[in-house]
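Breakdown of the fold
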Amino acid sequence: MPEPAAPPGFTDHNFKSASGVELAVRVWPAESTVDEPAPFVLWTHGGGWFGGFHFAPLPWMAPGFRRRGYHFVSHNYRLAPQARVDDQLADCLEAVAWCRAHLPAVFGPDKVDVDRYVLCGESAGGHLATLMGTRLLSGTAPVPPSAIVDVYGIIDFPTMPAFGPPEQRPSRATGGPWVGKFTEAELNALLRDRDPANVLTDALSWNQFEFLTEAEISTLWATEFRYTDRALMQAELHMMHSLGRSADGLRVGILHGDEFATEDDFMAFVRSMSPLRVLQQRVGEGKRGRDLYPPTAFLHGTGDVDVPIQQSYAMAALLKDAGVLVVEYYEEDGLHVFDIKYTGPEVYGWSTYIEPLLRFVDTHVMRPT
């Protein structure tokens, strides 16, 4: 599987978040002037909440949007286990606010329309992007997103195996001996580390250290990256406690279930971090259409074993029943991160999955000519 590379032509920016942690933003200008001042896309990276990086989006994203007249922005956020998922959500919302406040200075005030923007994310980033959509609604935010693109994101934590009957949850006890640079005891200690001084904001997404040198990954990401012990420990933590291998990864490392007094309190928090549950409650309150949620596109593979496609099915069905405009593109037998192969319009399948998704976004963002 190819590794994402940072497209050229970006500028890097940093800002101090409310948490005191410095966060980063990488900005690419639109490649065309289809609709100037141009809208922007904010991409939130995946990586299982433990890993991932903002330096290089999936291959179809930046060229797909930029060629159609969108500025493209990526951002990072504090990673688990030091940051809980609601901390990550707060960082993402601050990235939206930073874009709306500062992109006119980056591009020029006549070059960007900060009131027209798209939230896009994949996997854990898809979860965070859709969760942002529940917070950035008319009446609760100055300007909601014009559209949301959810790429195989988790929508409903309670239906994941980590919240099934205890005897059916994925467990390290059935995974065999751990083999890595760090011991299982060291990684389990990191899983429970809540010291904000140890937090990372960009990390390896999996095992790149096994087949890429530091120089190679630094070239791909267009930034200097070193395989420090801290970086390698984070990668091994993610590998040992990923969704399919350990319920503790989600329950303890990402959602910090050990911080709640009771299981009921914990599950109330879990539901509040699950976009589907939040939307179900709002539908019950009578919300519909754009008062409920922005127009949304779903991209998912039917063969995804990490994030079951039923997650996308469920949210899409709820939104459609509530009058929200939705499109769904499901690649038959596509695995998790199947879309990494879409490097341009010449690739087979682009016209079936990527191009119509982009046209849907255009419909809700671009002004009629």
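Attention here is on the structure that accompanies the text. (Residues numbered from 1 in each chain as written. Predicted model: local features only at pLDDT ≥ 70, side-chain atom pairs only at ≥ 80, totals over all residues. Heavy atoms only, no water.)

With respect to the state of the cysteines
To be explicit about the condition: Cysteine sulfurs are considered disulfide-paired once they come within 2.5 Å of each other. Buried means the residue's accessible area, taken with a 1.4 Å probe over protein chains only, is under 20% of the maximum for its type, while exposed means over 50%, and partly exposed covers the values in between.
Tallied over the entire structure, the rule returns zero disulfides. For Cys99, which is in no disulfide, the shortest distance to another cysteine sulfur is to Cys92 and amounts to 11 Å. The exposure class assigned to Cys99 is buried, which follows from its relative accessible area of 0%. Cys120 takes part in no disulfide bond, and the closest cysteine sulfur, belonging to Cys92, lies 13 Å away.

Here's the deal with unusual backbone geometry
For residues besides glycine, phi is generally negative; the peptide bonds are generally trans as well. This is how it is decided: Only DSSP runs of H or I covering at least 4 residues are called helices, and only runs of E covering at least 2 are called strands; the numbering of each starts at the N terminus.
Cis rather than trans, the peptide bond between Glu36 and Pro37 has omega equal to 0°. Structurally, the position occupied by Pro37 is in the loop between β2 (22-28) and β3 (38-44). Between Ala80 and the following residue, Pro81, the backbone shows a cis peptide bond with an omega angle of 10°. Along the chain, Pro81 turns up in the loop between β4 (71-75) and α2 (85-107). At Ser123, a position not held by glycine, the phi torsion is positive, near 60°. If you check the backbone angles, Asp333 has positive phi at about 65° while not being a glycine. Summarising the element assignment, Asp333 is placed in the loop between β8 (326-331) and α12 (350-365).

Observations regarding the sheet that holds β2
Short version of the rule: Note on pairing: two strands pair once DSSP finds at least 2 bridges between them. An axis is simply a line fitted to the C-alpha atoms; with a helix, the fit covers only the stretch in contact. Between two such axes, the angle follows the N-to-C directions and lies from 0 to 180 degrees. Residues are treated as being in contact if the distance between any of their heavy atoms lies within 4.5 Å.
Spatial strand order, β1-β2-β4-β3-β5-β6-β7-β8: eight strands in an open sheet with mixed pairing. Every other strand in the sheet has two partners, leaving β1 (11-16) and β8 as the edge strands with one partner each. With direction set aside, neighbouring strand axes in the sheet form an average angle of 20°. Pairing between strand β5 (residues 112-122) and strand β6 (residues 147-151): five bridges, direction parallel. Its bridge partner lying in β6, Cys120 is registered against Val149. Packed on one face of the sheet, helix α3 (residues 124-135) meets β3, β5 and β6 and runs near 135° to β5. This element, α12, spans β3, β5, β6, β7 (296-301) and β8 of the sheet and lies at about 165° to β8.

Thoughts on the packing of α3 against helix α9 (residues 275-284)
Selection rule: Here the word oblique covers every angle except those under 35 degrees (roughly parallel), over 145 (roughly antiparallel) and from 65 to 115 (roughly perpendicular). Should the near helix be turned counterclockwise from the far one by less than a right angle, the crossing is left-handed, whereas a clockwise turn marks it as right-handed. The nonpolar class holds Ala, Val, Leu, Ile, Met, Phe, Trp, Tyr, Cys and Pro. Asp, Glu, Lys and Arg form the charged class, and all remaining residues, Gly among them, are polar.
Look at α3 against α9: their axes get within 9 Å of each other, and the N-to-C directions meet at 25°. In terms of orientation, α3 and α9 fall into the roughly parallel class. Where α3 crosses over α9, the handedness of that crossing is left-handed. Counting all contacts with α3, which are made through His127, Thr130, Leu131, Thr134 and Arg135, the residues of α9 involved are Pro275, Val278, Leu279 and Arg282. Grouping the amino acids of the contact of α3 with α9 by side-chain chemistry returns four nonpolar, three polar and two charged.

Things to note about the packing of aromatic side chains
Which entries qualify depends on this criterion: Stacked, tilted and edge-to-face pairs are distinguished by plane angle, under 30 degrees for stacked and over 60 for edge-to-face with tilted covering the rest, among Phe, Tyr and Trp rings (Trp via its six-membered ring) whose centres lie within 6.5 Å.
Throughout the structure, instances matching the rule amount to 18 aromatic pairs. Ring plane angle 40° and centroid distance 6.0 Å describe the contact between Phe163 and Phe266, whose orientation is recorded as tilted. In this pair, Phe163 is assigned in the loop between β6 and α4 (184-191) and Phe266 in helix α8 (residues 263-272), connecting sequence segments 103 residues apart. With a relative accessible area of 2%, Phe266 lands in the buried category. For the ring pair Phe260 and Phe266, a centre distance of 5.5 Å and an interplane angle of 40° mean the geometry is tilted. Among the aromatic residues, ring-to-ring pairing joins Phe10, Trp28, Trp60, Phe65, Tyr70 and Phe72 into one connected group.

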